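Inside the fold
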Amino acid sequence: MTNSDKGFFDIYGGKYVAEVLRRPLDELEEEFNKAITDKSFLEELSLIQRDYIGRETPLLFAERSTKILGGAQIYIKLEGLANTGAHKINNAIGQCLLAKRMGKKRIIAETGAGQHGVATAAACAKLGLECTVYMGEVDVRRQQPNVSSMEMYGAKVHAVTSGSRTLKDAVNEAMRDWASNPDDTHYCLGSALGPAPFPDMVRYFQSVIGREVKKQAEERKLDLAALIACCGGGSNSIGFFTPFIDLPSPRLIAVEAGGIGPGIGENASRMTGNASREGILQGYKSRFLLDEDGQALPTRSISAGLDYCGIGPQLAALGKSGRIEFTSALDKEALDAVKFFARNEGVLFAMESAHAGAEAIKLAPKLPKDKAIIINMSGRGDKDIFITCPVFRPQEWKEFLISELERLNENLDIHNAKIMGE
Ligand SMILES: *Cc1c(COP(=O)(O)O)cnc(C)c1O
């Protein structure tokens, strides 16, 4: 099962939206299906993937980690080497290229921690499109580095003040904008969820990861036992898994955020958690973390990208069928994995990707040495210093921030005036 059946993956998916969004969604579906059978579109996409994103990304043999763990050979797909530092650019570039082909001038996007906003802003800058990113006011305040990047790429960041002022509200606001401006605007959704055709479309643009991995593994004659990816909305995992879904092996393992434990509000385990329920939210049917009244529950994770109450419908369906195995990693296990791969491979995982790394550390020793497992490192960890440093080096980090603050308070104006030659 790769493509949806009229927008459905088993019982999940669909297009549960207000009447005003039907036409833009139908138009998008039609144009997407045309584009992916058009040779010139595919050539343009492949060229920009090569020269701008930097594909293909390497498949690294994690030699020292393999030796230390003493089991299956561990390989890492270095998706974090893609331009802007994570897999999200694959989807952003694909959708923006499609939007341009459809004659749209303006792109809107939602963002939580800001990663998808940054990718979309960069893609728009590359393709000469106007970009507005909806972001909850709470997130704007706590994710200033990403807000700065978006603005650097020329995007307008719109702080959303409704509801809980976080990702869910940003999605609602973006949908509202799209409904009012369907003719000149494309809504670039950031993960493999939302109403059809987004789950099919996002998977399509992310499956470049899996196609490369399949070729790279065949060239090296790897005997694959398992592929492991972290799972927020599900875009990096489904893209990584796609070419293998209809095959009997390898095992496909998706790792959710286990947060600080199994209690309600302590994690973002939509498939394996205590509050996992079927529901319809933000235009699609899937599994969510909901209370008894069907309201979204608060979630928690050290990794911003996995901290969401919903999961893509195709992932929910493949979890139900058993083709994808779901598990989770705790915040602490993910932090340990960041350290492990940084020290043993010289590779700094994003906190999200480190959830997949943590599962590999558990699994590899249980498998024979002639088998291989591949971790998708969906992003690199430079962006996470504000999360990792307070944990790993609390005192030094605090002193650094205080001294920075003093520097800014005392002589920032003089400093800037000198640079500007005033
Ligand atoms: C956003 C993000 C994720 C989670 O999103 P998916 O759609 O599940 O892939 C994972 N890793 C990184 C680095 C991210 O930025």
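Computed from a predicted model, the values in this text were never measured in an experiment. (Residues numbered from 1 in each chain as written. Predicted model: local features only at pLDDT ≥ 70, side-chain atom pairs only at ≥ 80, totals over all residues. Heavy atoms only, no water.)

What to know about the overall build of the protein
As a reminder, the rule being used: The helix and strand labels rest on DSSP assignments: H or I over at least four residues marks a helix, E over at least two residues marks a strand, and numbering proceeds from the N terminus. For every residue, the accessible area obtained with a 1.4 Å probe (protein chains only) is divided by the maximum for its type, and the residue is called buried under 20%, exposed over 50%, and partly exposed between those limits. Two residues form a contact once any of their heavy atoms are found within 4.5 Å. Accessible surface is estimated by sampling points in the Shrake-Rupley manner with a 1.4 Å probe; for residues, cover comes only from the protein chains shown.
Of the regular secondary structure elements, the protein holds 16 helices and 14 strands. If you line up the protein on its principal axes, its C-alpha atoms span 65 × 55 × 50 Å. Of all 422 residues assigned to the protein, the portion counted as buried reaches 56%. In the protein, once contacts between residues fewer than 6 apart in sequence are set aside, the share between residues at least 24 apart is 72%. Total accessible area on the protein is roughly 18000 Å²; 51% of this is exposed by carbon and sulfur atoms.

As for the packing of helix α9 (residues 198-206) against helix α10 (residues 208-219)
Selection criterion: Between the N-to-C directions of two axes lies an angle of 0 to 180 degrees, each axis being a line fitted to C-alpha atoms and, for a helix, fitted only over the stretch in contact. Polar here means any residue other than Ala, Val, Leu, Ile, Met, Phe, Trp, Tyr, Cys and Pro, which are nonpolar, and Asp, Glu, Lys and Arg, which are charged; Gly is therefore polar.
Here α9 crosses α10 at 35°, and the two axes come no closer than 4 Å. Contacts between α9 and α10 pair Y204, F205 and Q206 from the former with V208, I209, G210 and R211 from the latter. Residue composition of the contact of α9 with α10, grouped by class: four nonpolar, two polar and one charged.

Digging into the pattern of salt bridges
The condition is simple: Basic side-chain nitrogens of Lys or Arg form a salt bridge, by our definition, when they fall within 4 Å of a carboxyl oxygen of Asp or Glu.
What the rule picks out here adds up to 32 salt bridges. The partner of K104 in a salt bridge is E27, and the shortest N-O contact between them spans 3.5 Å. In this pair, K104 is assigned in the loop between α4 (88-101) and β5 (106-111) and E27 in helix α1 (residues 19-35), connecting sequence segments 77 residues apart. Here K104 falls in the buried class, since its relative accessible area comes to 6%. In this structure E27 comes out as partly exposed when scored by relative accessible area, which is 30%. Close ionic contact of R287 with E278 constitutes a salt bridge, the shortest N to O distance being 3.7 Å. Judged by its relative accessible area of 40%, E278 falls in the partly exposed class. Among the charged side chains, a network of salt bridges with common partners joins R55, K77, E79 and E212.

Let's talk about the site of the ligand
We count it as follows: Working definition: residue near molecule or strand if any one of its non-hydrogen atoms lies within 4 Å of it. Two N or O atoms form a polar contact when they lie within 3.5 Å of each other; inside protein one atom must be a possible hydrogen donor and the other a possible acceptor, and for residues adjacent in sequence the pair counts only when both atoms belong to side chains.
In the vicinity of the ligand, 18 residues are found, and the nearest of them are K88, S191, G232, S235 and S378. S191 has a polar side-chain atom sitting 2.6 Å from an oxygen atom of the ligand. The contact in question runs from an oxygen atom of the ligand to an N or O atom on the backbone of G233, over 3.2 Å. Relative to its unbound accessible area of 380 Å², the ligand is 97% covered by the protein chains.

Describing the sheet that holds strand β4 (residues 73-78)
Selection rule: Only when DSSP finds a minimum of two bridges between them are two strands counted as paired.
If you walk across this open sheet you meet the six strands as β3-β4-β14-β9-β10-β13, and the pairing is mixed. Both edges of this open sheet fall to β3 (59-61) and β13 (324-330), since each of them pairs with a single strand only. The mean angle between the axes of side-by-side strands here comes to 25°, regardless of whether they run parallel or antiparallel. Here five bridges tie strand β9 (residues 224-230) to strand β10 (residues 251-259), and the two strands are oriented parallel to one another. Bridging across to β10, A226 finds its partner in R251. In the packing of helix α13 (residues 331-345) onto the sheet, the strands contacted are β3, β4, β10, β13 and β14 (372-377), and the crossing angle to β13 comes to about 90°.

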